[in-house]
Structures are given as C-alpha cells and as structure tokens.
Amino acid sequence: MGCCSSAAQSSKREWKPLEDHSCTDVPWLLLFILFCIGMGFICGFSIATGAAARLLSGYDSYGNICGQKNVKVEGVINSGLDLTHKKYVFFLDPCNIDLAHQRIKSLALCVSACPRKELKTLADIQKFAETNGSTLCSYELLPSEYTTDPRAAKLCPKYPVPESAPIPFFHRCAPVNISCYAKFAEALITFVSDSSVLHRLISGVMTSKEIIMGLCLLSLVLSMILMVIIRYISRVLVWILTILVILGSLGGTGVLWWLYAKQRVSASAVETQIAKDNLQALLIYAISATVFTVILFLIMLIMRKRVALTIALFHVAGKVFIHLPLLVFQPFWTFFVLILFWTYWITVLLFLGTTGSPVPNEEGFVEFRMLGPLKYMWWYHVVGLIWISEFILACQQMTVAGAVVTYYFTREKRNLPFTPILASVNRLVCYHLGTVAKGSFIITLVKIPRMILIYIHTQLKGKENACARCMLKACICCLWCLEKCLTYLNQNAYTATAINSTNFCTSAKDAFVILVENALRVAAINTVGDFMLFLGKVLIVCSTGLAGIMLLNYQRDYTIWVLPLIIVCLFAFLVAHCFLSIYEMVVDVLFLCFAIDTKYNDGSPGREFYMDKVLMEFVENSRKSMKEAGRGGGAEGRELKPMASGASSS
C-alpha cells in the first residue's frame, strides 16, 4: 500500500495543490481491513458449518441434506438417512405459503425425481414411484402402502400434485404453473387482483424485451448527449428557468388576488358563513403567495450575480468531460463493483439462513438455528452491507475529486497525465483509503438508526397512536437531513484531501470554512444547478417514455404494455441520475477548487490563478461591477478578495 513507507501526517495548514502526498487516516484503514476480515470469517463459518451444502443441495424437514449421507439428529425420526440418490427437495404442499415468515408451510422430502406431469390421485403417485423410483410420500411409507395405509392422507402430497421441475443449481422441485403462487404474488403486487392480469403483464414484458432493451439503450445515449450539450445551453437554460419561476410566481399571486376580488363582490350579495370562510381563505392564500413572491424576488436579486458563477461552472464542467472522457464511465465501474459486492452479500445471507445447529421444533421437525453470540452475526453482516456499500460510493467520489482537482490545478492542460482517472485511483489506493473508510463509516452511523426507525415504523403500522407516529416520522426525517448534509460535507472533504493530502477531520474542517465563506454561492449552485439537472432527468425520462409509447402502441400482440413502459422509465431515470450525478459531483469539486483559488490567489505575478478562462472572465466582470458600484467590501468583495493568511502563506 504506499502507506507503509510514508511519514506521519504533518500538521501543515497551507493549501499546496498536488505538491506532495502522504497517507491519511491509516488507523481507520486498519479498522476497515479488520472489519472486512470479520465479514470473510462469517462467510467461512457459514460454509464450514454446512450452510452452503444445505443451501445448494437443499434439505428435508428432518435435517437431512439431499444427495449425501447424513448424521443422526438426536430425538428426530427419519434423520441420519443415506440420501445419495435422492438429490431434489420436494414439498408436499408447495402452494401453502406463510407470508408472515416468508417460508413454505409444508413437509419437505428428498426425492430422486420431480413429477414432470400432474398426478391427480394416490394411485398416480404410487405409479410414479414404481415407474421412476421417486417416492413422493414420507420415508416411513412404502410405495405399496400409498393406497392402503390410512396415514397416506397426512404423509403423502396434497393432490392433485402439480407438474414441477427442478430449479437450476438449487435442486428444489418448483411448480411449473405459477398460478398456485397467486396469493404470494398478490401480497407483493397489490394492484394484481387476478392471476390472469399477472400473466398478461409478464407476457407483455417477455414479448417486448427487444423494444425494452432498445429503449434502455436510447436512455443511455440521451444521457450522454445531454452531458455534452449542457455545456453549450447552460446560460440560456438557467435564464429560461429563472423567467419561468418569476412568471409562475407572479401569475399565481395575480390569480389568487383576482379570485379574492371576484369572491368579495359575489359575497357581498349573498352573506353566508360558507362564503365568508371561502373569502377569508382566499385572502390568506393571496397574502401568503405575495409574501412568497417578494421573498423569492429578493433572493433572486441577491443571488443574480452568483447565477453567473453557476453558468460558468457548468461550462467548465463540460470541458472537464472533454479532457477526461473516462469520467463518463465512472457510474458503470461503481455499479459493477456494487453488483459484485451485493451478490456476495446476498449469497452469504442465504448461507446464514441455513447455518447453525439442528434443533427439533414443536412439530418434531428440524430447524437450523444459531445459538449464543453467533446469532448476532446477522447484525454484523447488515452493518457490513451499509459500510462497504458507502465505502465503494466514497471511492467513486474520491476518484472523481482527484481527477477534477488534477485538471483544475494543472495550468497547462497539455501536461495532464495520460489518464488522470487512473492516476487518481492510484493516489486513492496508495494514500487515502483510510480517509474514505472514515467518511463512509460516519454515513453508516447515521444510516443505521434511520433504518432501525423505519423498520419500527413499518412493524407498528396501524398499532401506534398519532403522536408516536408523528415523532417517529420526525426522527426519520431529521436523520435523513443529517445524512444528506454529511454526505455533501464528506464529498467536499474528499476534495480537500485530494488537493492538500490532509486527513479527514482536517479536510472536513477546511472545506466547511470555505463553504461557509461562500454560503450564497453554495446556495445558488445547489438550487439552480440541481434544478437544471433535475429537469435534465425529467427530459430523458419523458423522451424515453414517449418513444416507448409510440413503439409499444403499434404492437398489437401486447394486451398490457404498462409494465414494460414502467420498466423503461425507471431504467431511464436510473441512467440519467447516474450520469448527471457525476456531472453534479464535477461541478461541486470545481466550485471548491475555484473558491480556494480566489482565496489564496489574486492574479498578480507569483500568485496567478489556476482557473479556466471562463471563470477568469467571471472574476474580472465581478471586479468591474464592484468598482463601478464603488463598494469593494461587499459580499462579492469578501468572497473574491484573497485573505491575509493566504497572502502570507503563499
């Protein structure tokens, strides 16, 4: 790792972009490595205790693993059998599903073959056993006793036995016709009240899969095109949005006062209590709208110059993507790594579901339960899901920040590294994994209580009183807001670390000071900029959805194509969000770099700006406007004037 040979983190406070690199937050990296070793121990433990074999091969209600010899479970009949030739799990009543506990309430047996056709009587079950050598009744019954023994009604499958086939890799016999899972499907999809509707929905998806894939590709292309053209239409788009907001607020306020005046004239003729109440309500609405419009105008008046900075940053962000084209593919790598980790996590979760010691239950069957401290491995595994997922996302943020910082603070763009993205990844792995681990852990500490409260709220739905429900929702909302604020601060802390190679706390403090000094600009960028990107997402979703409607409308084979359209729109929003979130990330990193540049440099010899020409024009225009207004100490002056400490340190 490059951390082993580096000196301890110094306490320097100067901003020296890209001059030196040192390891940051090494103890947190060691803690994260130990945590990952613990995650690996859980996986190894579940495999060593036979959970993998039970998951893949399946096991019956007596604790026997299908397809192998088994050890006797004390106090359980039919356990410890040699089931080498019986490789499939068969449920006597596969359609009896317990929705509360997410399991099949049925006796499970190991059989040598699944019934590939419907068996309507006990005689058919007996004939199937004699022909295929697969006994579908409990082990204590011989095939010759199926039609004569009175216990067959309880120990044989409920008939008619549906046609079934083995699930690939998991050796479970599952009914071919999913209609017996209609109750389960209705519980998951509440709008499906008839199984035929579900069949038509699924058939619509399967028959239109080519169109769905084509539309998903269209959303991908539209997202990439939008990232290019935002650079050229940012100025026009921002002012169009501003004009629309102004006209909308003025129009809404005018309509409310017009309705109030009209209602007042009509109410004078008919004096009823209802008319008076309506008139009073309209007056309150009109006054509230007027106050809102005035406040909105004042905010726009104060922030009108900072909107120009948002436009300039969006323009420079477009240039960044031209010089660093690999940034476009960052969402793909992150998503791919997340999918790999989530697949591993779910696999281990399934292992944990079948791990533990065999314990007889009240019905005389076997359940596998973890006893003692081992039962808390579930919680460790859940924390691992959150922390490692946040760690992967934080690595993306640090990678993007490092690449954009390299672009911004390289005066001659032709001297950029061949692949700034790979150079940023290299710095991350060698120096800053500890910082990423610490930042992601802080987000995890906020996420876990919020998820616990959401779980409690879900479990108590309909049982708690109104006051408790309101308090729970308020706590969940506060934790959500705290998480969003910390995520934004973390992202800027990663940028400060990429610039100056300081540890997480120092970087977060420095970034926070910079953001507070430029609070109005931050507000402008996060309102105007985020709203622009949101409209971009809406544009991509609407364009993809419109294309989907036009294509699917001409396909007469589909009875219901609502589900394919919903799938396409959701995928389009996901793709647009992934791409435009990278754009938003680049803009935020550029802003912090710009704020640091204007704080410690003034354009004089020896203290030249690093910024792009577009941002330089913005600074010059701001200075000219300040000189013309005759006020050098206003808000703009404070934000653009280099600080004394910056001058002395440079």
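Notes on the structure follow. Because the structure is a prediction, the values reported are computed rather than measured.

With that out of the way, let us pick up unusual backbone geometry. Not every positive phi belongs to a glycine, and aspartate 25 is a case in point at roughly 55 degrees. Summarising the element assignment, aspartate 25 is placed in the segment before α1 (26-48). For aspartate 25, a relative accessible area of 11% puts it in the buried group. The phi dihedral of serine 501 is positive, around 55 degrees, even though this residue is not glycine. One can find serine 501 in the loop between α12 (466-500) and α13 (504-517). Overall, serine 501 belongs to the buried group, its relative accessible area being 0%.

Counted by the stated rule, this structure contains 5 salt bridges. Glutamate 390 is the partner of lysine 447 in a salt bridge, and the nearest nitrogen-oxygen pair spans 3.8 Å. In this pair, lysine 447 is assigned in helix α11 (residues 420-459) and glutamate 390 in helix α10 (residues 377-408), connecting sequence segments 57 residues apart. By the burial criterion, lysine 447 is buried, and glutamate 390 matches it. Residue lysine 447 is joined to glutamate 483 by a salt bridge in which the shortest nitrogen-to-oxygen separation is 2.9 Å. In this pair, lysine 447 is assigned in helix α11 and glutamate 483 in helix α12, connecting sequence segments 36 residues apart. Accessibility classification places lysine 447 together with glutamate 483 in one group, the buried group. Through salt bridges with shared partners, a single network forms among Glu390, Lys447, Arg450 and Glu483.

Taken as a whole and judged by the stated rule, the model has 3 disulfides. The side chain of cysteine 66 participates in a disulfide bridge whose partner is cysteine 110; the two sulfur atoms lie 1.9 Å from each other. Here the disulfide of cysteine 66 and cysteine 110 is left-handed, its torsion about the S-S bond being about -80 degrees. Highlighted residues: cysteine 66 in the loop between α2 (51-57) and β1 (88-91) and cysteine 110 in strand β4 (residues 108-111), separated in sequence by 44 residues. On the basis of relative accessible area, cysteine 66 is assigned to the buried category, the value being 3%. Judged by its relative accessible area of 0%, cysteine 110 falls in the buried class. Each sulfur in the disulfide pair cysteine 114 and cysteine 173 lies 1.9 Å from the other. The sign of the -80 degrees torsion about the S-S bond sets the cysteine 114-cysteine 173 disulfide as left-handed. Placement of the pair is cysteine 114 in the loop between β4 and α3 (122-132) and cysteine 173 in strand β6 (residues 173-175), with a sequence separation of 59 residues. Here cysteine 114 falls in the buried class, since its relative accessible area comes to 5%. For cysteine 173, a relative accessible area of 6% translates into the label buried.

With that settled, the discussion passes to a nonpolar patch on the surface. Together, Leu217, Val221, Ile225, Val228, Ile229, Tyr232, Ile233 and Ile322 make up an exposed nonpolar region whose accessible area comes to about 730 Å². The element that contributes the greatest number of residues to the nonpolar patch is helix α7 (residues 209-269), accounting for 7 residues.

Right, let's talk about the packing of aromatic side chains for a bit. Under the definition given, this model contains 15 aromatic pairs. Measuring from centroid to centroid gives 5.2 Å for phenylalanine 32 and tryptophan 387, while their planes differ by 75 degrees, and the two rings are edge-to-face. Of the two residues, phenylalanine 32 sits in helix α1 while tryptophan 387 sits in helix α10, which places them 355 residues apart along the sequence. The two residues phenylalanine 32 and tryptophan 387 agree in class, both being buried. Ring centres of tyrosine 408 and phenylalanine 409 lie 5.0 Å apart, and the angle between their planes is 70 degrees; on these two criteria the pair is classed as edge-to-face. Across the pair, exposure class does not vary: tyrosine 408 and phenylalanine 409 are buried alike.

Now for helix α9 (residues 330-354). Over its 25 residues, α9 extends 37 Å from the first C-alpha to the last, a length consistent with the 36 Å expected when each residue adds 1.5 Å. Of all the positions in α9, only Gln330, Pro331, Thr334, Leu338, Phe341, Trp345, Val348, Phe351, Leu352 and Thr354 are classed as buried. Once α9 finishes, glycine 356 follows within two positions and takes phi at roughly 110 degrees, a positive value.

Turning our eyes to something else, we now look at the side chain of serine 79. Within the secondary structure, serine 79 is located in the loop between α2 and β1. With relative accessibility at 5%, the residue serine 79 sits in the buried group. A polar side-chain atom of serine 79 sits 2.8 Å from the main-chain carbonyl oxygen of valine 76. If we ignore the near neighbours within four places in the chain, the residues touching serine 79 are Tyr62, Asn64, Lys72 and Val73.

Two elements in contact, α1 and α11, have axes separated by 7 Å at closest approach and are oriented at 70 degrees. Classed by the angle they form, the pair α1 and α11 counts as roughly perpendicular. As for how α1 packs across α11, the hand of that crossing is left-handed. Contact residues: Trp28, Leu29 and Phe32 in α1; Leu433, Gly434, Ala437, Lys438 and Phe441 in α11. Here the contact of α1 with α11 is built from residues that sort into 6 nonpolar, 1 polar and 1 charged.

Position of threonine 148 relative to the elements: it lies in the loop between α3 and α4 (152-155). By relative accessible area, which is 60% here, threonine 148 ends up exposed. Separated by 26 residues in the primary sequence, threonine 148 and leucine 122 place their C-alpha atoms 9.7 Å from one another.

Calculation rules
- Residues numbered from 1 in each chain as written.
- Predicted model: local features only at pLDDT ≥ 70, side-chain atom pairs only at ≥ 80, totals over all residues.
- Heavy atoms only, no water.
- Helix = DSSP H or I, 4+ residues; strand = E, 2+ residues; numbered from the N terminus.
- Buried < 20%, exposed > 50% of the residue type's maximum accessible area, 1.4 Å probe, protein only.
- Salt bridge = Lys/Arg side-chain N within 4 Å of Asp/Glu carboxyl O.
- Disulfide = S-S within 2.5 Å.
- Patch = residues over 30% accessible without salt bridge, like charges linked within 9 Å, V, L, I, M, F, W, Y side chains within 5 Å.
- Areas by Shrake-Rupley, 256 points an atom, 1.4 Å probe, with all protein chains shown as cover.
- Phe/Tyr/Trp six-rings, centres within 6.5 Å; stacked < 30°, edge-to-face > 60°.
- Expected span 1.5 Å × (residues − 1).
- Polar contact = N/O pair within 3.5 Å; in protein donor to acceptor, adjacent residues only side chain to side chain.
- Contact = heavy atoms within 4.5 Å.
- Axes fitted to C-alpha atoms, helices over the stretch in contact; angles between N-to-C directions.
- Parallel < 35°, antiparallel > 145°, perpendicular 65-115°, else oblique.
- Left-handed = near helix turned anticlockwise from the far one by under 90°.
- Nonpolar A, V, L, I, M, F, W, Y, C, P; charged D, E, K, R; others polar.

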